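The residues making up each chain are set out below.
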Amino acid sequence: MDEIFTGNFTQQEPIPEAAIEAAVAVLRTGRLHRYNTVPGEAGEAALLEEEFAAAIGSKYCLAVASGGYALGCALRAVGVKPGDRVLTNGFTLAPVPGAIASLGAVPVFVEVTEDLVIDLDDLAAKADQARVLMLSHMRGHICDMDRLMEIARAHDLMVIEDCAHTMGASWAGMPSGRHGAIGCYSTQTYKHMNSGEGGLIVSDDPDLMARMILLSGSYMLYPRHRAAPPAAHFEALKYDTPNVSGRMDNLRAAVLRPQIPTLPERVARWNALYRVMEAGLAGVAGLRLVPRPQAEAYVGSSFQFLLPGHGPERIAALVARLAARGVELKWFGPAEPAGFTSRYDSWKYAPVQSLPRTDRVVAALLDLRLPLTFSEADVAQIARIIAQEVPR
Ligand SMILES: *Cc1c(COP(=O)(O)O)cnc(C)c1O
């Protein structure tokens, strides 16, 4: 009898008790709106921003309604206008090109490599087509950030980092989100902190941050922010910056604050699961693991591997056999997008573009989540099942 995995790939851990208590305390006050505070009270949203900025080492932080909102807000803040071209990864998640399209701007896709990072040669070749790069650390894979920033400087490219999968990760000791001008994170349930929906934006640039705080819907209440630049930076912008409301509320902020200090511990557990999967799949014929560079401190909250040369029929059959054994793999290759979509050619609002390398990679790419509700024994069992089924 073949063993069957019975765990749930989308079941997260419960919200910590301290966060539940903090949330109930906010509910008892009725003051859920971030600017609804009493004298002497900072409010949960302002405190969250201060604490996240300290944890990540940035000067400023803004909490917003979602990761996708954070990306759109960052693009507005750097002055992207309708019709402007914005470079981004050819392999990413739908909210990334969606944020670009939400401004009437045009996504220009850059190839992805077999190691699942942006193709820096292709980036250098396309760098003169735009003044902004929205860099997506898709699935937590971080490219050579030193070389990327060199290319950006040489071509005067402003870099916005999409860190939806890299909260807690770093490159050469520098946290993901701190390399570019702006870093954007998601606190949606499937990411590294969980408030259902939510986003965080960090930057060291006072004018960009003032503009983002005004954009997010701060009215003239911006002096209540703590992880924010001095008032003078707002004075120059406050009459000309539209309100595109996307604030975070005190309830979500209360749920998130107690999760910040536990992030390193959760990262360690994710990475322990990741290493069990990696060890379990090493040496499976025809299966290519994704190498992790020395300079990259990653968060292994999901796992990817490639089956180059398998072809769509074989991969579809494998995915079905694994599903029958309780192992839910996401295959990014099928022609018709389903579930969470990552095929650039399914985003038909963007101009038709040809990315042969990305096509090859995505066609062979399989992905699975490693929620912290899995034990190392669970992951070892999943790896055993995959290792049995791939060669069949
Ligand atoms: C989840 C995600 C986002 C945006 O997150 P939301 O909070 O769902 O809007 C952005 N980029 C990537 C790669 C993501 O996976």
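Residues numbered from 1 in each chain as written. Predicted model: local features only at pLDDT ≥ 70, side-chain atom pairs only at ≥ 80, totals over all residues. Heavy atoms only, no water.

The name given to the protein chain in an unreviewed UniProt entry is Aminotransferase, with the source organism recorded as Paenirhodobacter ferrireducens. The Sequence similarities (unreviewed entry) comment attached to the protein chain in UniProt states, word for word, "Belongs to the DegT/DnrJ/EryC1 family." (UniProt positions renumbered as here; feature names shortened; annotations may be inferred.)

According to UniProt, the "modified residue: N6-(pyridoxal phosphate)lysine" (unreviewed entry) feature falls on Lys-191. With respect to the element layout, Lys-191 can be found in the loop between β8 (182-186) and β9 (199-203). With sequence-adjacent residues up to four places away left out, Lys-191 is seen in contact with Ala-164, His-165, Ser-186 and Trp-270. (Helix = DSSP H or I, 4+ residues; strand = E, 2+ residues; numbered from the N terminus. Contact = heavy atoms within 4.5 Å.)

Glancing now at helix α12 (residues 356-363). Along α12, the residues that are buried comprise Thr-358, Val-361 and Val-362. Here the buried residues of α12 occupy an arc of 95° about the axis, which is enough to place them on one side. Of the surrounding secondary structure, the elements contacted by the buried residues of α12 are β3 (106-110), β12 (302-306), β13 (330-331) and β14 (365-369). (Buried < 20%, exposed > 50% of the residue type's maximum accessible area, 1.4 Å probe, protein only. Arc of directions from axis to C-beta.)

Another point: the packing of aromatic side chains. Applying the stated criterion to the full structure yields ten aromatic pairs. Ring geometry for Phe-5 against Phe-374: centres 5.2 Å apart, planes inclined by 80°, an arrangement best described as edge-to-face. Of this pair, Phe-5 sits in the segment before α1 (17-29) while Phe-374 sits in the loop between β14 and α13 (376-389); the two residues are 369 residues apart in sequence, bridging distant segments of the chain. Phe-374 shares its class with Phe-5; the two are buried. Ring centres of Tyr-222 and Phe-234 lie 4.3 Å apart, and the angle between their planes is 0°; on these two criteria the pair is classed as stacked. Linking Tyr-222 in the loop between α7 (206-215) and α8 (231-235) with Phe-234 in helix α8, this pair joins segments that are twelve residues apart in sequence. Clustering of aromatic rings is evident, with ring pairs tying together Phe-5, Phe-9 and Phe-374. (Phe/Tyr/Trp six-rings, centres within 6.5 Å; stacked < 30°, edge-to-face > 60°.)

The four strands are arranged β10-β12-β14-β13 in an open sheet whose pairing can be described as antiparallel. Single-partner strands in this sheet number two, and they are β10 (288-289) and β13. Pairing between β12 and β14: five bridges, direction antiparallel. Each residue of the ladder has a partner; that of Phe-303, found in β14, is Leu-368. (Pairing = 2+ DSSP bridges.)

Position of Thr-241 among the secondary structure elements: in the loop between α8 and α9 (250-256). Reaching out from Thr-241, the side chain makes a polar contact with the backbone oxygen of Leu-237 at a distance of 2.8 Å. Apart from the residues within four sequence positions on either side, Thr-241 is in contact with Arg-211, Leu-214 and Leu-215. (Polar contact = N/O pair within 3.5 Å; in protein donor to acceptor, adjacent residues only side chain to side chain.)

This part takes up the side chain of His-192. The residue His-192 is located in the loop between β8 and β9 in this model. Here the side chain of His-192 touches Met-167 through a polar contact of 2.8 Å, landing on its backbone oxygen. Among the polar contacts listed, one links the side chain of His-192 to the side chain of Ser-301, at a separation of 2.8 Å. If sequence neighbours within four positions are ignored, His-192 has contacts with His-165, Thr-166, Met-167, Leu-263, Arg-266, Trp-270, Val-299 and Ser-301.

This part takes up the environment of Arg-343. Relative to the helices and strands, Arg-343 resides in the loop between β13 and α12. Spatially, the C-alpha atoms of Arg-343 and Phe-332 are 6.9 Å apart, while their sequence positions differ by eleven residues. Not counting residues up to four positions away in its chain, the partners in contact with Arg-343 are Phe-332, Gly-333, Pro-334, Ala-335 and Val-362. In this structure the side chain of Arg-343 is engaged in a polar contact, spanning 2.9 Å, whose partner is the side chain of Asp-345.

Moving on, we come to the environment of Ala-377. Structurally, Ala-377 is set in helix α13. Spatially, the C-alpha atoms of Ala-377 and Leu-273 are 9.0 Å apart, while their sequence positions differ by 104 residues.

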